[in-house]
Amino acid sequence: KNKTMAFIDTTVYTGKDLEGFYSKILLTGDTKSVIRFFPNVKSKIKIARLDMDNIIQPDSCEFNAFGDTTLSQKTLEVCPLKVNLEYCVTTFEANYLSEQLRAGSNTGQVMPDSVESYLLDLVSKNVSADLEQLLWQGDTSASPASLCDGLLVQFEGDADIITLTASTLTISNIVAEIGAVYAAIPATIRNTDNLAIFISPAGEALYKQALAALGQFATYNAGDLNLSYLGTTLRVSKGLPNDVIVAAQTDNLWFGSDLMSDFEDVVIIPQYKISGAPTVRMAVRFKFGVGYGVSEEIVYKPAV
């Protein structure tokens, strides 16, 4: 659903203020950097899967073709998304930022250069944070509906996904719950290099506290540790719900887009010399979609 945007100014102009800006800490979209990326997807692509089994047979002097080879396809579809922002010069003329604007009312400058640079960085971070949530939790059937379906809603609709009993994670059960996910991983992929168990930041905190309670950390101030469970990497995904755990090979989880740099290519369009409006527009368009390959090699522990 389209929403109008607003620049909400809560400052009080009483003269010269300190320069610089701040914003709340944003979630970083780090999951899409480790899963398999498919570029140049305008709408949807077909990804082939080739399986082979039962090819060994008793030896003999005759050549006897034997074995099953199955070719199948899976679709990865992306959603067309965009960001449109517009700011008016009167917003910045009315507060302390006016001191950083050039003299004159017909310069075409809407905001100070420092604000424009900051907003560009903020747009990039917000897009990254929103897509991290969408990657896992997107649900077009929910209310309010998401922009695109994420991995979890796709898992819920796939009977071949290895789905465990839903639970709420606590300090007392986090190690056992991760252990249950590990035990459910198919033996064929358990020791592969790209296997990972994905947990939320809340799950990460519980796991660290549980290990500390068990005396497995030399100190509680051990720094930035690379977490693992019996040799399997634990990856913290900020878009995962608190109580969800997922185990999969990273290249078995898919992320599709038209062009990776599209997420950062924000176009700035001053409107004064185009339409006469004392505004500036910021726009970015991109494609985004997620999926996965082999259902039988993904373990999913849902939340209650």
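Here the structure is shown first, and the text comes after it.
Presented here is a report on the structure given in the accompanying data block. (Residues numbered from 1 in each chain as written. Predicted model: local features only at pLDDT ≥ 70, side-chain atom pairs only at ≥ 80, totals over all residues. Heavy atoms only, no water.)

Observations regarding the overall build of the protein chain
Scanning the protein chain from N- to C-terminus turns up five helices and 13 strands. Considering the protein chain as a whole, with its 304 residues, one finds that 38% of them fall into the buried category. For the protein chain, the accessible area works out to roughly 17900 Å², and carbon and sulfur atoms hold 52% of it. (Helix = DSSP H or I, 4+ residues; strand = E, 2+ residues; numbered from the N terminus. Buried < 20%, exposed > 50% of the residue type's maximum accessible area, 1.4 Å probe, protein only. Areas by Shrake-Rupley, 256 points an atom, 1.4 Å probe, with all protein chains shown as cover.)

Here we look at a nonpolar patch on the surface
Where nonpolar side chains cluster on the molecular surface, the patch consists of Val-267, Ile-269 and Ile-274 and spans about 260 Å² of accessible area. One can find Ile-269 in strand 11 (residues 267-270). (Patch = residues over 30% accessible without salt bridge, like charges linked within 9 Å, V, L, I, M, F, W, Y side chains within 5 Å. Salt bridge = Lys/Arg side-chain N within 4 Å of Asp/Glu carboxyl O.)

Some points on the packing of aromatic side chains
Each aromatic ring pair is summarised here by two numbers: the centre-to-centre distance and the angle between the ring planes. For the coordinates displayed, the defined rule picks out seven aromatic pairs. Plain terms: the ring middles of Phe-38 and Trp-254 are 5.5 Å apart, the flat faces sit at 70° to each other, and that makes the pair edge-to-face. Of this pair, Phe-38 sits in strand 1 (residues 36-38) while Trp-254 sits in strand 10 (residues 253-256), placing them 216 residues apart in sequence. This pair shows no difference in class: Phe-38 is buried, exactly as Trp-254 is. Pairwise contacts between aromatic rings join Phe-37, Phe-255 and Phe-288 into one cluster. Positioned above the aromatic ring of Tyr-182, the side-chain terminus of Arg-190 is 5.2 Å from the ring centre. (Phe/Tyr/Trp six-rings, centres within 6.5 Å; stacked < 30°, edge-to-face > 60°. Lys NZ or Arg CZ within 6 Å of the ring centre and 35° of its normal.)

So, unusual backbone geometry
Of note, the bond from Ser-143 into Pro-144 is cis; its omega dihedral lies within 30 degrees of zero at 0°. On the secondary structure map, Pro-144 appears in the loop between helix 2 (113-137) and helix 3 (151-156). One non-glycine residue, Asn-40, lies in the positive phi region at around 60°. Take Asn-40: it is sitting in the loop between strand 1 and strand 2 (44-53). Its identity as a non-glycine residue notwithstanding, Leu-230 has a phi of 50°, on the positive side. Mapped onto the elements of the fold, Leu-230 is located in the loop between strand 7 (228-229) and strand 8 (232-236). Overall, the relative accessible area of 62% leaves Leu-230 in the exposed class.

What to know about the nonpolar core
Residues Trp-136, Phe-155, Val-246, Leu-253 and Phe-288 are the most contacted members of the largest nonpolar core, which totals 38 residues. Residue assignment for this core shows that the elements contributing at least two residues are strand 4 (79-88), helix 2, helix 3, strand 6 (195-199), strand 9 (245-249), strand 10 and strand 12 (279-292). It is helix 2 that contributes the most residues to this core, eight residues altogether. Among residues more than four places away in sequence, those in contact with Leu-253 are Ile-35, Arg-36, Trp-136, Leu-151, Phe-155, Phe-198, Ala-248, Gly-291, Tyr-292 and Ile-298. Membership of the second largest hydrophobic core comes to 20 residues, among which are Ile-174, Ile-178, Leu-206 and Ala-247. (Core = buried A, V, L, I, M, F, W, Y, C linked by side-chain atoms within 4.5 Å. Contact = heavy atoms within 4.5 Å.)

Here's the deal with helix 4 (residues 174-184)
Buried residues of helix 4: Ile-174, Glu-177, Ile-178, Gly-179, Val-181 and Tyr-182, and no others. Where the residues of helix 4 are buried, they touch strand 6, helix 5 (201-213), strand 7, strand 8, strand 9 and strand 13 (299-301).

A short note on the pairing of strand 9
Counting buried residues in strand 9 gives five out of five residues, a clear majority hidden from the surface. The alternating pattern of strand 9 places Ile-245, Ala-247 and Gln-249 on one face and Val-246 and Ala-248 on the opposite face, and all of these are buried. Relative to strand 9, strand 6 runs antiparallel, the two sharing four bridges. Paired with Leu-195 across the strands is Gln-249, a residue of strand 9. Examined bridge by bridge, strand 9 and strand 13 share three bridges and lie antiparallel to one another. Residue Ala-247 lies in a different strand from strand 13, and its bridge partner there is Val-299. (Pairing = 2+ DSSP bridges.)

Interpretation in functional terms is not warranted from these geometric data alone.
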